[in-house]
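Residue-level structural notes
The chain contents come next:
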There are 2 protein chains.
Amino acid sequence: MARTKNTPNDPDRRARILAATVGLLQDEGLSAISARAVATRAGVPVGSVSYHFDSVRALLLEAARSIIELREASLTSWGQTVTAPTIHERLAELVHTQITTGRAITVVAYELYLLGLRDGDFRALGNEATNVLYRQLACHVPEADAHHLATLADGLQLHSLFRTPAPGPEELAAALRPPASPG
Amino acid sequence: MARTKNTPNDPDRRARILAATVGLLQDEGLSAISARAVATRAGVPVGSVSYHFDSVRALLLEAARSIIELREASLTSWGQTVTAPTIHERLAELVHTQITTGRAITVVAYELYLLGLRDGDFRALGNEATNVLYRQLACHVPEADAHHLATLADGLQLHSLFRTPAPGPEELAAALRPPASPG
DNA sequence: CAAGAGTATGTACGTGCGTACATAATCTCA
DNA sequence: TGAGATTATGTACGCACGTACATACTCTTG
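**Focus on the packing of aromatic side chains**
The final tally for this structure, using the stated rule, is 2 aromatic pairs over all chains. Centroid distance Tyr113(A) to Phe162(B): 4.3 Å. Interplanar angle 20°. Geometry classified as stacked. Note that Tyr113(A) is positioned in helix α6 (residues 103–115) and Phe162(B) in the loop between α8 (143–161) and α9 (169–176), a pairing that runs across two chains. The two residues Tyr113(A) and Phe162(B) agree in class, both being buried.

Shown next, in the form of structure tokens:
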């Protein structure tokens, strides 16, 4: 039976499906992701999703990679604002952005990150994501300090996502500096 | 139609369904949880699960509560081994246990914790889980130090779950102490 | 002993899923 | 211009889901 003509070939369709995936992850979370839901969001038939991506898992891996790339680009810009004496303030500002305006993508990053606890391919990406901040910090402070701050910032960011209202940059900076009392 | 007689009433059935849920969470993760999967694991018909728990979400909330109770009991014991001068070593030992012998339950705890980013009831439990360690630490060190160490330990624990092999207690203790260079 | 509460059980409904694949259209290149 | 590669599309399969609920059994209490 003749069907409606196909739409013209769309060179950006794969990229748009991926962008739809990231959008849906931000709005509704990992549990809302299916081939049909992404297809609806991208405005394409479900067959397009399975044509361009081998599986839903392959799609999520690709989405995780693209989020890491976004993060890396934004951390590269951020890294240029950092000096060793201002590192706590700059890091506090970064964390503040990630828990406020960038909250949705940060939440998704953690959801995908945790897939790495049970899936080797996601684990590799999770380690990559962790290293992105570490490398920026290591440009400005000794390696031990960079590890310390990256670990502390991650814990602080995760805890801060649970707080209402979100802590401000000053509070975050204080949390990043070593406490005044001898430990 | 006459059916096989019911099994005798089982006063522990609800608790056993809950234990089966926690077991399944540890072995296969959050994505493997369904009423049918839990019923199979518990050795009961699926109607038992929906009789005792209003929904799968209610079941997961109850599982999260029971994991927090287990954690609280184990931290209460642990808290009695801590003194202020040994806090980094004891905390390192605690983290080491949680990423090695206690790895499965720690991974589940994070999976359930992240549900709190999108669900208010889980969020409340997530805050409770965070406070459990903080309160133990605050018995031994000033509040600012307790916050700092709880945040750092959480970030360290999460990062360490991704490392193979897992870092040892000495490395963890070093990561928990402030770095030697002035920051 | 019987009524009633609590528990156990099996079935069913509507829904959505992942993925495969046959078919057809679009586009490129020789 | 036509062959072939690539892309688009709709349909279908088998599976599993969450939850409801009718029915029946077990146990407790008066």
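Now that the structure has been shown, the text picks up again.
**Details of the protein's contact with DNA strand C**
As a matter of local geometry, DNA strand C sits amid 23 residues, with Ser34(A), Arg36(A), Arg13(B), Tyr51(B) and His52(B) nearest to it. At the protein interface, 68% of the atoms of DNA strand C within 4 Å belong to sugar or phosphate. The separation between a sugar or linking oxygen of DNA strand C and a polar side-chain atom of Asn6(A) is 3.4 Å. Put simply, the parts of the chain that give the surface near DNA strand C at least two residues each are α2 (35–42) of chain A together with α3 (46–52) of chain B. Broken down by element, the surface near DNA strand C gets its largest block of residues, 5 residues, from α3(B). Grouping the constituent residues of the surface near DNA strand C by class yields 6 nonpolar, 10 polar and 7 charged.

**Side note on the relation of the copies chain B and chain A**
For the match of chain B to chain A, the screw axis carries a shift of 0.0 Å, the RMSD comes to 0.0 Å, and the turn is 180°. Expressed as an axis order, the relation between the two copies is that of a two-fold axis. Taking the C-alpha atom as reference, chain B places Gly155(B) closest to the rotation axis, 1.9 Å from it. Of all interface residues in chain B, 100% are interface residues in chain A too; the two copies therefore contact each other through one and the same surface.

Thresholds applied
- Residues numbered from 1 in each chain as written.
- Chains lettered and ligands numbered in written order.
- Predicted model: local features only at pLDDT ≥ 70, side-chain atom pairs only at ≥ 80, totals over all residues.
- Heavy atoms only, no water.
- Phe/Tyr/Trp six-rings, centres within 6.5 Å; stacked < 30°, edge-to-face > 60°.
- Helix = DSSP H or I, 4+ residues; strand = E, 2+ residues; numbered from the N terminus.
- Buried < 20%, exposed > 50% of the residue type's maximum accessible area, 1.4 Å probe, protein only.
- Near = heavy atom within 4 Å.
- Polar contact = N/O pair within 3.5 Å; in protein donor to acceptor, adjacent residues only side chain to side chain.
- Nonpolar A, V, L, I, M, F, W, Y, C, P; charged D, E, K, R; others polar.
- Least-squares fit on C-alpha atoms with pLDDT ≥ 70 in both.
- Contact = heavy atoms within 4.5 Å.

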